[in-house]
Structures are given as structure tokens and as C-alpha cells.
Amino acid sequence: EQKGPYDIETLATDVLKLIHYCGEEKAIVIGHDWGGAIAWQFGAMYPEACKKLVVLNCPHPAQMERALRKNRKQLRKSWYMFYFQLPLLPEFTLTCGNAASVRSIYRKSAINLTHFSEEEIAPLVEAIQKPGAARAALGYYRAALRSTLKAKKSSGVIGKKKLIDCPTLLLWAKQDFALDYDALVPGTERYVSKLQVQTIDRCGHFVQEEQP
């Protein structure tokens, strides 16, 4: 059973150590969703190790923090992040009914459902039901909220004041059910000096599977 820690600084440092373990000093870092959040963090914390950055459907953390405070539409879309803060019940929700909710997430998230067959989803359903897996998956959300509340008392969201200076590509599928483009993407250039944004129409949250 994995017990963390799941704070974003530790996860970004894990990426740095993995790069060094592979015998490299720099890497092109690519991440989707939570992987994208770690990628943003990595670019802000370790610019000397980040050759290029590619983020898929994940807002810069400062943009997400701002939207959750000021944008009602995004706040409604992010209801599950607050639900995940509850003890035990979210773990039960993810695993009950042979992880029926995991199947639902992938089918709801996709515009083109043909990219998600039962055979493709089966390993994810199996993985989330392993002992400790649901708790580990939810650990990211629980640590993120605690870190945000802590940051408000100190220096703010990491990366908010530190400009990411490496070439950065933000890929954004416009039909993401959980992340609103208008609330989260415009303004990212305030935090990324060499930003390119490319949108993908008729595509849901899992952009790398739906539009490979």
C-alpha cells in the first residue's frame, strides 16, 4: 500500500530523481491531468533540468487556484475535488460495483467512445481495486487542497511568482467535461514566457487516447 507523500513538491522532485537515475541531466517532460500538474511544478522548481514542457489538459496551478476562487462554472465542474476530501466514502465510491464509477468516468470523459473499449478499461478497473490503490489515487487531491490552504498563509502557489522559461506546449481538448478552457487557459502566458497553446475540437479529457 502506497502512503505518499503526495504533495506536489515531492512528486516533482521524484521526476528529477528519475531523470538523474536514467543518467540524464535534462528531459522533455510531458504530462496529462495530474501528470500535467506535476509537469508545471517541475518546470517551476527545476528549470535547469527541464528542456521542454508539454502539458495536456491541465491548467497552470495559479490559473486553477484563481478559477476556483472566481469562476462559478469551473467551481461547479470541480465539485468532485471537494468530495474527495471526505474520509473513506470516496474510496468506496471508486471501488464499489466492480469499480463502476471508473468505467463511467472514461465513458463520460470521451467524445469518441470507440477509443475506450471494455478491454482497454479493464486494467484500470483492476488496478483501482487493489489494496490501497484508491486511497493513493485520492491522495493527490487531498494533498493539493492542504497545500493550497497552506500556501495562502505563506508565499502562494509554487510557480505562481516564478516564471517558467522553457519552451512550453499546452494541448487542450475543448470538450473536457471537468476543465473549462475559458476559465483556465487564457492568462497562462503570465506564468510561462515561451507558451504555445493548441486546442483540439471534438475531443474530451483523455486527449492522448481520443486524438492520438
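Structure first, text after, so check above.
The shown structure was predicted, so the numbers you read here are calculated from the model rather than taken from an experiment. Here the residue index of a chain counts from 1 through its sequence in written order. Only residues with pLDDT of 70 or above have their local features reported here, since the model is predicted, and side-chain atom pairs are shown and tallied only from 80 upward, although totals for entire chains, interfaces and linings are computed over all residues. To get the side-chain values, all heavy atoms of the structure are used, and hydrogens and water are removed first.

Bringing the overall build of the chain into the picture now. The way it works is that DSSP assigns letters per residue, a run of H or I at least four long becomes a helix, a run of E at least two long becomes a strand, and they are numbered from the N terminus. Counting its regular elements, the chain contains ten helices and four strands. Listing the helices and strands of the chain from first to last along the sequence gives α-β-α-β-α-α-α-α-α-α-β-α-β-α. Computation of the radius of gyration draws on C-alpha atoms alone. For the globule rule, the value is 2.2 Å times the number of residues to the power 0.38. Whereas a compact globule of 212 residues would reach a radius of gyration of roughly 17 Å, the chain reaches 17 Å, a difference of no more than 12%. For accessible areas, the Shrake-Rupley method is used with a probe of radius 1.4 Å. Any residue's cover is judged against the shown protein chains and nothing else. Accessible surface computed for the chain: about 11800 Å², of which carbon and sulfur atoms make up 56%. His is not counted, nor are the chain ends, whereas Lys and Arg count as positive and Asp and Glu as negative. Every charge is mapped onto a representative atom, which is NZ of Lys, CZ of Arg, CG of Asp or CD of Glu. Between the centroid of the 29 positive side chains of the chain and the centroid of its 22 negative side chains there is a distance of 9 Å.

On to the pairing of strand E1 (residues 27-32), then. Should DSSP find at least two bridges between two strands, the strands are regarded as paired. Of the strand pairs in this sheet, E1 and strand E2 (residues 50-56) are connected by six bridges, and their pairing is parallel. Bridge assignment links His 32 to a residue of E2, and that residue is Leu 56. Note that the unit made of E1, helix H2 (residues 34-45) and E2 has a crossover that is right-handed. If you view a crossover with the strands going away from you and the path from the first strand over the helix to the second runs clockwise, you call it right-handed.

Moving on to the environment of Glu 210. Note that Glu 210 resides in helix H10 (residues 207-210). Sequence spacing of Glu 210 and Ala 173 is 37 residues, and the spatial spacing of their C-alpha atoms is 9.4 Å. Here a polar contact means two N or O atoms within 3.5 Å. Within protein one must be a hydrogen donor candidate and the other an acceptor candidate, and residues neighboring in sequence count only if both atoms are side-chain atoms. Within the structure, the side chain of Glu 210 is placed 3.0 Å from the backbone nitrogen of Gly 204, a separation counted as a polar contact.

It is worth spelling out unusual backbone geometry at this point. Peptide bonds are, in most cases, trans, and in most cases residues other than glycine have a negative phi. Positive phi is not limited to glycine here, since Asn 57 has a value of about 45°. Mapped onto the secondary structure, Asn 57 falls in the loop between E2 and helix H3 (61-70). With a 1.4 Å probe rolled over the protein chains alone, any residue whose accessible area is under 20% of its type maximum counts as buried; one over 50% counts as exposed, and the rest are partly exposed. Owing to a relative accessible area of 0%, Asn 57 belongs among the buried residues under this scheme. Of note in the backbone geometry, Arg 202 takes a positive phi value of approximately 50° without being a glycine.

Structurally, Ser 78 is set in the loop between helix H4 (72-77) and helix H5 (79-83). Throughout, a residue-residue contact means that at least one pair of heavy atoms, one from each residue, lies within 4.5 Å. Ignoring anything within four residues of it in the chain, the contact list for Ser 78 reads Met 64, Leu 68 and Ala 178.

On the surface, Leu 86, Leu 89 and Phe 92 cluster together into a nonpolar patch covering about 290 Å² of accessible area. Here Phe 92 shows up in helix H6 (residues 89-109). A relative accessible area of 52% places Phe 92 in the exposed class. Candidate patch residues must exceed 30% relative accessible area and have no salt bridge, after which like charges are joined if within 9 Å and Val, Leu, Ile, Met, Phe, Trp or Tyr side chains if within 5 Å. Every case where a carboxyl oxygen of Asp or Glu lies within 4 Å of a side-chain nitrogen of Lys or Arg is listed as a salt bridge.

Here the focus is the environment of Leu 16. Within the fold, Leu 16 resides in helix H1 (residues 8-21). Look at Leu 16 and you get buried, because its relative accessible area is 11%. When the C-alpha atoms of Leu 16 and Ala 27 are compared, they prove to be 9.1 Å apart, with eleven residues separating the residues in sequence.

On to helix H7 (residues 118-128). Taken together, the buried positions of H7 are occupied by Ile 121, Val 125 and Ile 128. The buried residues of H7 all sit within an arc of 65° when viewed along its axis, so they share a single face. What points out from H7, more than 90 degrees from its buried face, is the exposed set Glu 119 and Glu 126. Here, the arc refers to the directions that run from the helix axis to the C-beta atoms.

Honestly, that's just the spatial picture; any functional story needs more than this.
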